Amino acid sequence: MMNLEQVKQAIEKTGSIRKAAPLLGVTYNSVQWFLARQGYEIVKTATIKKIEARS
């Protein structure tokens, strides 16, 4: 059985629900429904990264 902390960590680690589902051992749909029943939604966040200088 999933708990909120496990789901949160898996999504943050993999970057998506689709990639987190196999890590949790459940389907993508199961993760979506779990979050919906708990009253959560996925929010995309932006990050920036310095471009490496090319030689």
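Residues numbered from 1 in each chain as written. Predicted model: local features only at pLDDT ≥ 70, side-chain atom pairs only at ≥ 80, totals over all residues. Heavy atoms only, no water.

Colleague: So what's going on with the nonpolar core? Which residues, and what values?
Modeller: Formed by Met-2, Val-7, Ala-10, Ile-11, Ile-17, Ala-20, Ala-21, Val-31, Phe-34 and Leu-35, the largest nonpolar core amounts to 10 residues. Among the secondary structure elements, those contributing two or more residues to this core are helix 1 (4-14), helix 2 (17-24) and helix 3 (28-38). Excluding anything up to four places from it in sequence, Val-7 contacts Met-2, Leu-24, Val-31, Phe-34 and Leu-35. (Core = buried A, V, L, I, M, F, W, Y, C linked by side-chain atoms within 4.5 Å. Buried < 20%, exposed > 50% of the residue type's maximum accessible area, 1.4 Å probe, protein only. Helix = DSSP H or I, 4+ residues; strand = E, 2+ residues; numbered from the N terminus. Contact = heavy atoms within 4.5 Å.)

Colleague: I'd love a proper account of the environment of Arg-37, names of residues and values included.
Modeller: Following the sequence through the fold, Arg-37 ends up in helix 3. Taking C-alpha positions, Arg-37 is 15 Å from Thr-27, a pair spaced 10 residues apart along the chain.

Colleague: I'd like a description of helix 1, backed by residues and values.
Modeller: Among the residues of helix 1, Val-7, Ala-10 and Ile-11 are the ones counted as buried. The buried residues of helix 1 occupy an angular sector of 95° when projected down its axis, which confines them to one face. Opposite the buried face of helix 1, by more than 90 degrees, sit the exposed residues Glu-12 and Lys-13. Structurally, helix 1 contributes buried residues whose contacts are with helix 2 and helix 3. The backbone nitrogen of Glu-5 has a side-chain oxygen 3.0 Å away, supplied by the residue at the start of helix 1, namely Asn-3. Directly beyond the C-terminal end of helix 1, a positive phi value near 90° is found at Gly-15. (Arc of directions from axis to C-beta. Polar contact = N/O pair within 3.5 Å; in protein donor to acceptor, adjacent residues only side chain to side chain.)

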